[in-house]
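# Analysis of the macromolecular model
Given next are the chains, with one letter for each unit.
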Amino acid sequence: MLASVARRLLSMLVTLLGVSVIIFLVLRLLPGNAVTAQMGVSAGLLSHAQRVALDHYYGVGEPFFRQYVSWLGSMLTGNLGVSLSSRTSVASLVGAALPVTLELAIASMVIGELIGVLFGVFGSLRPRGVVDNAGQGVALVGLGVPSFVIGTGLVTFLASSFHYFPSSRAFAGLFFNPWLNLQQIFFPALTLGLGVGAAIMRTTRAAMLEVVSTGFARTARGKGLSKFVVTWKHLFLGALVPVVTMSGIQLGYLLGGTVVVEQIFVLPGLGRLLVNSISNRDFPVVQSVTLIFAAGFIVVNMLTDMLYTLIDPRTRAR
Amino acid sequence: MKIARTAALLTVAGLAPLAAMATPLTAGIEPAQAAPTMAASGATVVVADTSSVQKLDPDVVTNFLDFQALGLIYDQLVQYNSKLQLVPDLATSWSYSNGGKVLTFQLRHGVHFDDGSLFTSADVVASLQRAVNPKTGDASASFLANVKTIVAAGPYAVKFLLSRPDTSVLNGLTSVNLSIMPTKAIAAGTLAKQPDGTGPFEFVSWSPGNSFVMQANPHYWGGKVKIGEVKVETIPSEQSIASAVEAGTVQVGLLTQPQVADHLPKSVRVDKVLDLTYRALMLQDRKGPLANLDNRLAIACAVDRQQVLEDSVFGQGQVVGPVPLGPFASKPVSAVCPAPNLASAKRYLKKAGDPNGFSFTAMTSTALDPTSSAQATVAQANLAKVGIKMHIQNLAGDAYIQDWLKGKFQAAFAWNGADPNPYTMYGRYFGTGANLGVPAGYGSAQLEKLLLQGDTATSAGAQRATWAQFSRALTSQAVWIWLFTAYDYAAVSPTVHGFSLQPTNSTSLYSLRTATVS
């Protein structure tokens, strides 16, 4: 087990190194640089002496390799650098935004799991019944309607009908003002959770339908176990592996996929930081945030794989 | 917040959304147009914009919201009023002498910076010397190109020694980029993190990408500021800004999209003002068919500017000529074809030797101007009526900027900044040694002469005559095709009184210095 974890950690480091090279190169291939990104066409108003001074200030024209080594060296020492745009430390920007995105991703996952597992399990027990049809409807909306449409619709409806838009107030930390924080997180989490729930619901339903007719299910029922025990201890546990896989994939996507919803619901998370930084060609911030997204995805995948060994004894044996 | 809190989140996240769901919606609802919260010395006004404050150093800001927010903290020597006339700010009066080569400002007495230091002429000299220092990178330093030296003439007077008579320097001095800062803070190098001005509000805090907070300056020279605190919040979508104003969490929402402003409920006041920027189709005289004057004139006559305005911003604006607003506004908007005239367009094409038309490419960037694609589509249809084929090339923002700066285009749909003074607007494009001569795509001795003549003219009558001639020269040569200027909007809560937008983007929030909140 430990050797497997060590192997995975090593491969994670190699993957992150590869990701860092790709991010670095892709950003430099984009047209423009930090000076024109900051100033727009006003950059044309600069005198030659001003331009030289600003190029030096923003590190424009430095050899790529030197820039990369310098950035990587800083990353390895935990120093994420300084934002070119705001001149504040990248670590402080990321430190403020990361908890918001994590909270949103986790809340979305919880909502998605509740929707997906409950509809998936109960729908599979009586296919084409009322619950199953309702679940299919929810899945259709969750998969078919883009999150920006659901989000914008929610914001407009709540604001015009109830004069209610808690996210438009300054973001409140969970421990600073828990009640306001929950109101600010709930609706964006619901918007994202619908999509997550739809995917999990379909996976759960399909996996449940597969195990419901297996021998161990018949044995459990034949033993006279209660319906609750049969459903949750035997059937659901038997169907759990694909559900965990799908949940892991969804959580990975959520960590990097909150950009649009953060914009609509005015949440100061990593997605919003990334969008602002890309438009400002704020390379140190873009590189750090992208690397964090990549690391998040890899860690979630690793944890998912490790969960298999807890859920399925056969995996442990292998 | 620390990363450690995520562990706690894992345990509570399962319950939190349920708790919120279980509670009736109304429990957390604030009443519409909720009374703003009270800061230490008055009400708080929350201003929302899709952009965010990106920098704190007034010398290097280029973003509109940075200008607007820092414009409430800093003062300049002179400023525009709502009629775009120059009025005193930190200078109480000014006069030219020595044949227009010396400009003397008398300064306001008894003004203090936020750090408590007294404002004197030394601060003016230090601030403007900082602006022209190449290491600062102040794009507005070009407004001081004709200023040889700035010297103090006593504690409350400064003299600008000019290389030639220059009236537009006054207009340039209205820029937030040429704000007056305390000598002490300039020497200490703290202005990028701690703004320190003489304006109606003082800096409190800044969360990059999210919010910028100011409080009333109790020592403001212009009288008591009635609003206690101004919070500038970033709300990335205009629809969300409108919702926040409806919900009462935002008191002033800055908008540009007419369709959003139109759908606000009647309880929200919508203030609108013609913005001092303009849209134009810039043409490169230097290459291809557009180097032929008659072909450019054919374009000028074929394009229906009113239709471009209608289709791109729902008619919410005004068709304009080279000088859109202010005392020297162009009338008529074009010397050749003030209204579309297809017969004239065909005549010009015949004269150019292209009776069946010609083709060219115009670049747009919907990333920089969301309406540019609609403008281009209408112009394309208009031009097709006389056989001119215009290809549209939509570029990403940075690609557009790079090509624009290098003049690597035949034609470009552009959204340019303007000024009441035509020299300030066009000296950079068509003046002698203009910084933006390459993207301007046109140069002539006549334009250079008229620009110099207008900038050095001292009487109002001579200025008006010269600038009218300048507008005629630009449009009769179809240097570019000037299209329209659009409205800016503010959704204002009924609790805010006395707030009105200003035509200059950088001073949009200016009226907050005198506004009140009920």
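None of these values were measured; they are calculated from a predicted model.

### Quick look at the overall build of chain B
- Counting secondary structure elements, chain B contains 17 helices and 21 strands.
- Its C-alpha radius of gyration of 25 Å places chain B within 12% of the 24 Å reference for a compact globule of 518 residues.
- Dimensions along the principal axes, computed over C-alpha positions, put chain B at roughly 75 × 65 × 40 Å.
- Put simply, chain B has 518 residues, and 59% of those count as buried.
- Considering only intrachain contacts with a sequence separation of at least 6, the fraction spanning at least 24 residues in chain B is 71%.

### Here we look at the interface of chain A and chain B
- With 66 residues of chain A in contact, the opposing surface of chain B contributes 58 residues.
- When chain A packs against chain B, the two sides together hide about 5100 Å² of surface, and 69% of this comes from carbon and sulfur.
- Three residues stand out in chain A for area buried against chain B, namely Val-41, Leu-45 and His-163 of chain A, and they jointly supply 13% of the buried area on that side.
- Applying the counting criterion to the chain A and chain B interface returns zero salt bridges.
- Here chain A is connected to chain B by nine residue pairs in polar contact (both at pLDDT 80 or more).

### Some thoughts on the nonpolar core
- By size, the foremost hydrophobic cluster in this structure holds 85 residues, and its most contacted members are Val-94, Phe-265, Leu-270, Leu-273 and Val-289 of chain A together with Leu-255 of chain B.
- Per-element accounting of this core gives the leading share, 15 residues, to helix α5 (residues 90–125) of chain A.
- When sequence neighbours within four positions are dropped, the list of residues in contact with Leu-273 of chain A reads Leu-93, Val-94, Ala-97, Val-285 and Val-289 of chain A.
- Listed in part, the 49 residues of the second largest apolar core include Tyr-58 of chain A together with Tyr-278, Ala-280 and Leu-325 of chain B.

### Re helix α8 (residues 178–211) of chain A
Residues and elements named next belong to chain A.
- Between its terminal C-alpha atoms α8 stretches only 41 Å, short of the 50 Å expected from 34 residues at 1.5 Å a residue.
- If you look at α8, its biggest bend is around 30°, right at Gly-193.
- Across the 34 residues that make up α8, a large majority, 26, are buried.

### Some points on a nonpolar patch on the surface
Residue and element names in this part refer to chain A.
- On the surface, Leu-114, Leu-118, Phe-122, Leu-125, Val-130 and Val-131 cluster together into a nonpolar patch covering about 500 Å² of accessible area.
- Mapped onto the nonpolar patch, the elements with two or more residues apiece are α5 and α6 (130–144).
- If you tally residues by element for the nonpolar patch, the top one is α5, at four residues.

### Some points on unusual backbone geometry
All names here are of chain B.
- The residue after Lys-331, namely Pro-332, is reached through a cis peptide bond having omega -5°.
- By the element assignment, Pro-332 lies in the loop between β15 (317–319) and α11 (342–352).
- With a phi close to 55°, Asn-98 is a non-glycine residue in the positive phi region.
- By the secondary structure assignment, Asn-98 is in the loop between β5 (91–97) and β6 (102–107).
- The residue Ala-478 is not glycine, and still its phi comes out positive at about 45°.
- Following the sequence through the fold, Ala-478 ends up in the loop between α17 (460–476) and β19 (480–492).
- By relative accessible area, which is 1% here, Ala-478 ends up buried.

### A few points about the packing of aromatic side chains
- Inspection of every chain in the model, using the stated rule, returns 28 aromatic pairs over all chains.
- Note that Lys-272 of chain B overlies the ring of Tyr-487 of chain B, its terminal NZ or CZ placed 4.2 Å from the centroid.

### Let's talk about the packing of helix α14 (residues 422–430) of chain B against helix α16 (residues 445–456) of chain B
Residues and elements named next belong to chain B.
- Across the interface, α14 lies against α16 with an axial gap of 10 Å and an inter-helix angle of 150°. Overall, the two elements α14 and α16 adopt an arrangement that is roughly antiparallel. Along this stretch, α14 crosses α16, giving a crossing that reads as left-handed. Judged by residue contacts, Pro-422, Tyr-423, Tyr-426, Gly-427 and Phe-430 of α14 engage Leu-447, Glu-448, Leu-451 and Asp-455 from α16.
- Looking at the contact of α14 with α16 residue by residue, the classes come out as six nonpolar, one polar and two charged.

### Digging into the pairing of strand β2 (residues 42–49) of chain B
Residue and element names in this part refer to chain B.
- Burial within β2 is extensive, with eight of its eight residues counted as buried.
- Pairing of β2 with strand β11 (residues 227–234), which is carried by seven bridges, proceeds in the parallel orientation. Following the sheet pairing, Val-46 is matched in β11 by Lys-231.
- In the sheet, β2 pairs with strand β12 (residues 252–255) via two bridges, with the strands oriented parallel. Bridge pairing links Val-47 to Val-252 in β12.

### Notes on the state of the cysteines
Residue and element names in this part refer to chain B.
- Applying the stated criterion across every chain, the model contains one disulfide over all chains.
- The disulfide bridge from Cys-301 ends at Cys-337, spanning 2.0 Å between sulfur atoms. Between Cys-301 and Cys-337, the S-S dihedral sits near 80°, and the bridge is therefore right-handed. Pair noted here: Cys-301 is in helix α9 (residues 293–302) and Cys-337 is in the loop between β15 and α11, with a separation of 36 residues, a long-range link. Accessibility assignment for this pair places Cys-301 and Cys-337 in one class, buried.

### Section: the sheet that holds β5 of chain B
Residues and elements named next belong to chain B.
- The strand order across the open sheet formed by four strands is β5-β6-β8-β7, and the pairing between neighbours is antiparallel. Of all strands in the sheet, those bounded by a partner on one side alone are β5 and β7 (147–152). The sheet shows a mean angle of 20° between the axes of neighbouring strands, taken without regard to direction.

### Concerning the side chain of Asp-132 of chain A
Residues and elements named next belong to chain A.
- With respect to the element layout, Asp-132 can be found in helix α6.
- In this structure Asp-132 comes out as buried when scored by relative accessible area, which is 2%.
- In this structure, Asp-132 is in contact with Gly-123, Arg-126, Pro-127 and Arg-205, ignoring residues within four places of it in sequence.

### Re the environment of Ser-459 of chain B
- Position of Ser-459 of chain B among the secondary structure elements: in the loop between α16 and α17.
- Relative accessible area serves as the criterion here: at 37%, Ser-459 of chain B is assigned to the partly exposed category.

### Looking at the confidence of the model for chain B
All names here are of chain B.
- Mean pLDDT over chain B works out to 89, with 92% of the residues at or above the 70 mark.
- Low pLDDT, under 50, characterises residues 1–40; the predicted model gives this stretch 70 contacts beyond four residues in sequence or across chains.
- Predicted complex metrics record ipTM = 0.73 and pTM = 0.81.

### Here's the deal with the pattern of salt bridges
- Overall, the coordinates contain 11 salt bridges over all chains when judged by the stated rule.
- Residue Arg-205 of chain A is joined to Asp-132 of chain A by a salt bridge in which the shortest nitrogen-to-oxygen separation is 2.7 Å. Note that Arg-205 of chain A is positioned in helix α8 and Asp-132 of chain A in helix α6, a separation of 73 residues in sequence.
- For Arg-205 of chain A, a relative accessible area of 17% translates into the label buried.
- Here Asp-57 of chain B makes a salt bridge to Arg-130 of chain B, at a shortest N to O gap of 2.7 Å. Here the residue Asp-57 of chain B occupies a position in the loop between β2 and α3 (64–70), and Arg-130 of chain B occupies one in helix α4 (residues 121–132), the gap between them amounting to 73 residues.

### Describing helix α7 (residues 147–162) of chain A
- Compared with the 22 Å implied by 1.5 Å per residue over 16 residues, the 21 Å span of α7 of chain A between its first and last C-alpha is a close match.
- Looking only at α7 of chain A, the buried set comprises Ile-150, Gly-151, Leu-154, Val-155, Leu-158 and Ala-159 of chain A. In an axial view of α7 of chain A, the angular spread of the buried residues amounts to 145°, which keeps them on one side of the axis.
- Residues of α7 of chain A that are buried make contact with α6, α8 and α12 (259–264) of chain A together with α7 (238–247) of chain B.
- Following α7 of chain A by one or two positions, His-163 of chain A adopts a phi angle in the positive range, close to 50°.

Analysis parameters
- Residues numbered from 1 in each chain as written.
- Chains lettered and ligands numbered in written order.
- Predicted model: local features only at pLDDT ≥ 70, side-chain atom pairs only at ≥ 80, totals over all residues.
- Heavy atoms only, no water.
- Helix = DSSP H or I, 4+ residues; strand = E, 2+ residues; numbered from the N terminus.
- Rg over C-alpha atoms; globule rule 2.2 N^0.38 Å.
- Buried < 20%, exposed > 50% of the residue type's maximum accessible area, 1.4 Å probe, protein only.
- Contact = heavy atoms within 4.5 Å.
- Buried area = accessible area lost by both parts, 1.4 Å probe.
- Salt bridge = Lys/Arg side-chain N within 4 Å of Asp/Glu carboxyl O.
- Polar contact = N/O pair within 3.5 Å; in protein donor to acceptor, adjacent residues only side chain to side chain.
- Core = buried A, V, L, I, M, F, W, Y, C linked by side-chain atoms within 4.5 Å.
- Expected span 1.5 Å × (residues − 1).
- Bend = angle between axes of the 7 residues up to and from the residue.
- Patch = residues over 30% accessible without salt bridge, like charges linked within 9 Å, V, L, I, M, F, W, Y side chains within 5 Å.
- Areas by Shrake-Rupley, 256 points an atom, 1.4 Å probe, with all protein chains shown as cover.
- Phe/Tyr/Trp six-rings, centres within 6.5 Å; stacked < 30°, edge-to-face > 60°.
- Lys NZ or Arg CZ within 6 Å of the ring centre and 35° of its normal.
- Axes fitted to C-alpha atoms, helices over the stretch in contact; angles between N-to-C directions.
- Parallel < 35°, antiparallel > 145°, perpendicular 65-115°, else oblique.
- Left-handed = near helix turned anticlockwise from the far one by under 90°.
- Nonpolar A, V, L, I, M, F, W, Y, C, P; charged D, E, K, R; others polar.
- Pairing = 2+ DSSP bridges.
- Disulfide = S-S within 2.5 Å.
- pLDDT = per-residue confidence, 0-100.
- Arc of directions from axis to C-beta.

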